Amino acid sequence: MEIQLWREILSPYRLAVDEILVKFRHLIEEYKLEGLYCPIEQVDGRVKKISSILEKVQKKNINIEEVEEKIEDIAGIRIICQFVEDIDAVVHLIEKRRDMEIKSVKDYITNMKPSGYRSYHVIVNYNVETINGTKKIPVEIQIRTLAMNFWAIIEHSLQYKYRQNMPLLIRERLSNAAAAVIAMDKEMSSIRSEIMDAQNSLRMKSKIVAEILSTIQNLYKVANKREIENIQNEFYNIYVSDDIDRLKEFNLELDVIAEGYRSQDIE
Ligand code: 0O2
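Criteria and thresholds
- Residues numbered from 1 in each chain as written.
- Predicted model: local features only at pLDDT ≥ 70, side-chain atom pairs only at ≥ 80, totals over all residues.
- Heavy atoms only, no water.
- Helix = DSSP H or I, 4+ residues; strand = E, 2+ residues; numbered from the N terminus.
- Rg over C-alpha atoms; globule rule 2.2 N^0.38 Å.
- Buried < 20%, exposed > 50% of the residue type's maximum accessible area, 1.4 Å probe, protein only.
- Contact = heavy atoms within 4.5 Å.
- Polar contact = N/O pair within 3.5 Å; in protein donor to acceptor, adjacent residues only side chain to side chain.
- Patch = residues over 30% accessible without salt bridge, like charges linked within 9 Å, V, L, I, M, F, W, Y side chains within 5 Å.
- Areas by Shrake-Rupley, 256 points an atom, 1.4 Å probe, with all protein chains shown as cover.
- Salt bridge = Lys/Arg side-chain N within 4 Å of Asp/Glu carboxyl O.
- 1 Å grid on protein atoms, 1.4 Å probe; cavity = no way out; pocket = protein on both sides within 12 Å on 5 of 7 lines; lining within 4 Å.
- Points joined across faces, edges and corners; volume = space filled by probe spheres on them.
- Nonpolar A, V, L, I, M, F, W, Y, C, P; charged D, E, K, R; others polar.
- Pairing = 2+ DSSP bridges.
- Axes fitted to C-alpha atoms, helices over the stretch in contact; angles between N-to-C directions.
- Phe/Tyr/Trp six-rings, centres within 6.5 Å; stacked < 30°, edge-to-face > 60°.
- Lys NZ or Arg CZ within 6 Å of the ring centre and 35° of its normal.

Chemist: Please set out the overall build of the chain residue by residue, giving values where relevant.
Modeler: For the chain, the count of helices and strands is 9 helices and 5 strands. Reading the helices (α) and strands (β) of the chain from amino to carboxyl end gives α-β-α-α-β-α-β-β-β-α-α-α-α-α. For a compact globule of 267 residues, the expected C-alpha radius of gyration is about 18 Å, and the chain comes in at 25 Å, more than 25% above that figure. Principal-axis analysis of the C-alpha atoms places the extent of the chain at approximately 80 × 50 × 30 Å. A burial count over the chain gives 36% of its 267 residues as buried. Put simply, of all contacts in the chain between residues at least 6 apart along the chain, 65% involve residues at least 24 apart.

Here's what the structure looks like:
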């Protein structure tokens, strides 16, 4: 097939990947804005390279005309989570969406591949609008933890290096590393609530600080210099004391002061 034709075929896949990335990244932003823990740590996407498609065509003995029908990971999204528990939460998020219809799933977490590969794959149908009308695109969403991802990236590059001839010793080492990843994910899950508490209070603190700074900035326009100086000093003292409750109170007190100036303005 000519390169130009491949470009035409792959164009709606590119659109699907771009749109889905925007949507998941926006989701992460929404969680942040609400000060909530987000089950998605990171999201990435790619359209499979023509050379990889051709490799798969050969490996699976697929007729070139059937590429779109038989290869379901031309459009690929990878979602990375901190904890194994987050993977279920992400699957649930996908299930609830009206713009993605789940076609099939492959649970390589419960059923680890012989290589040691672990990941949860969801194939969804996603509609894109093109100049030729609506096109239904299959998209493979791979969901895995940071630790599973680390293993898969390393193993993928070794697979690339050795092709079908990976030395036994390396395969054994990868298998040991896969066992270590399982142990690590288990350990992390056992202290998940501790880690989440720490991350939540950090997120909460930065949200309150941002609100306080924005109110102080607005007060600059209306309050006198002395008052602003006092407010800033008080904020600094509370900030360094690392007392989150006091920071919340101070934020509310500032709101009352700002409201006072606003009502003076109206009168
Ligand atoms: P790339 O470069 O990521 O695009 P299969 O029948 O197993 O050959 P199939 O039916 O497409 O493949 O589905 P499967 O097994 O779910 O694999 C799809 C993708 O999952 C692969 O795409 C890899 O990205 C990843 N994957 C599957 N098995 C392994 C593994 O053992 N190690 C690593 N590192 N990744 C794996 P591609 O096309 O192989 O590669």
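Chemist: So what's going on with unusual backbone geometry? Which residues, and what values?
Modeler: We note that Asn-61 has phi near 60 degrees; this positive angle belongs to a residue other than glycine. Tracing the chain through its elements places Asn-61 in the loop between α2 (50-59) and α3 (67-70). Residue Asn-61 is classed as exposed on the basis of its relative accessible area, which comes to 71%.

Chemist: I'd like a rundown of the environment of Tyr-117, residues and numbers included.
Modeler: Here Tyr-117 is to be found in the loop between β3 (101-107) and β4 (120-130). Considered as a pair, Tyr-117 and His-156 are 39 residues apart in the sequence and their alpha carbons are 9.7 Å apart. Residues in contact with Tyr-117, not counting those within four places in the same chain, are Tyr-108, Met-112, Gln-142, Arg-144, Trp-151 and Ala-152. Reaching out from Tyr-117, the side chain makes a polar contact with the side chain of Ser-119 at a distance of 3.4 Å. Side chain to side chain, Tyr-117 and His-121 meet in a polar contact 2.7 Å long.

Chemist: Could you give me a rundown of a nonpolar patch on the surface, with the residues and numbers involved?
Modeler: Taken together, the side chains of Met-184, Met-188 and Ile-191 define a hydrophobic patch exposed on the protein surface, amounting to about 250 Å² of accessible area. When its relative accessible area of 44% is taken as the criterion, Met-184 is described as partly exposed.

Chemist: Describe the layout of surface pockets, with residues and values.
Modeler: Over the atoms rolls a probe the size of a water molecule, and in doing so it shows where empty space is left. The space that makes up the largest pocket amounts to roughly 2000 Å³. Lining the largest pocket are 48 residues; nearest its centre among them are Lys-48, Lys-56, Lys-59, His-156 and Gln-159. Within the residue set of the lining of the largest pocket, elements represented by two or more residues are β1 (42-47), α2, β2 (75-81), β4, β5 (133-145), α5 (146-162) and α6 (168-190). It is α5 that provides the largest number of residues to the lining of the largest pocket, a total of 8 residues. Partitioning the lining of the largest pocket into residue classes produces 14 nonpolar, 15 polar and 19 charged.

Chemist: Could you give me a rundown of the side chain of Gln-82, with the residues and numbers involved?
Modeler: Among the secondary structure elements, Gln-82 is positioned in the loop between β2 and α4 (84-96). Polar contacts involving the side chain of Gln-82 include one to the side chain of Glu-41, which spans 3.1 Å. Of note is the side chain of Gln-82, whose polar atom sits 3.0 Å from the side chain of Gln-199. In this view, Gln-82 contacts Tyr-37, Glu-41, Thr-145, Leu-146 and Gln-199; residues no more than four positions away in its chain are not counted.

Chemist: Lay out the pattern of salt bridges with the relevant residues and their values.
Modeler: For the structure shown, the criterion picks out 19 salt bridges. As a salt-bridge pair, Arg-14 and Asp-18 come within 3.1 Å of each other at their nearest N and O atoms. On the criterion of helical spacing, the pair formed by Arg-14 and Asp-18 is a turn pair, its members being 4 residues apart in helix α1 (residues 3-33). You can call Asp-18 partly exposed: its relative accessible area is 35%. Notably, a salt bridge pairs Asp-242 with Lys-205, separated by 2.7 Å at the nearest N-O pair. Of this pair, Asp-242 sits in the loop between α8 (225-241) and α9 (244-266) while Lys-205 is found in helix α7 (residues 192-220), placing the two residues 37 residues apart along the sequence.

Chemist: Can you tell me about the sheet that holds β2, naming the residues and giving the values?
Modeler: Hydrogen bonds along the backbone pair up the strands of a sheet, which may run parallel or antiparallel. Read from one edge of the open sheet, 5 strands run β1-β2-β5-β4-β3, paired in mixed fashion. Two strands in the sheet have a free side with no partner beyond their single neighbour: β1 and β3. Strand-to-strand twist in this sheet, taken as the mean axis angle between neighbours without regard to direction, amounts to 25 degrees. Where β3 lies against β4, 6 bridges are found, and the strand directions are antiparallel. The residue of β4 that forms the bridge with Lys-106 is His-121.

Chemist: Pulling in residues and values, what's your account of the packing of aromatic side chains?
Modeler: In the structure shown here, the tally under the stated rule is 3 aromatic pairs. Both rings, one in Phe-235 and one in Tyr-239, keep their centres 5.9 Å apart while their planes meet at 50 degrees; by these two values the pair is tilted. Of this pair, Phe-235 and Tyr-239 are both found in helix α8, 4 residues apart, which corresponds to roughly one turn of the helix. Classification of Phe-235 as buried rests on a relative accessible area of 12%. With 6.4 Å between their ring centres and 15 degrees between their planes, Phe-235 and Phe-250 make a pair best called stacked. A residue pair is termed long-range when its members are at least 10 positions apart, and Phe-235 in helix α8 and Phe-250 in helix α9 qualify at 15 residues. Residue classification places Phe-250 among the buried residues on the basis of a relative accessible area of 3%. Here the aromatic cluster, defined as three or more aromatic residues joined through ring pairs, consists of Phe-235, Tyr-239 and Phe-250. The ring centre of Phe-24 lies 5.8 Å from the NZ or CZ of Arg-97, which sits over that ring. One cation-aromatic arrangement involves Lys-113 over Tyr-108; the distance from NZ or CZ to the ring centre is 4.8 Å.

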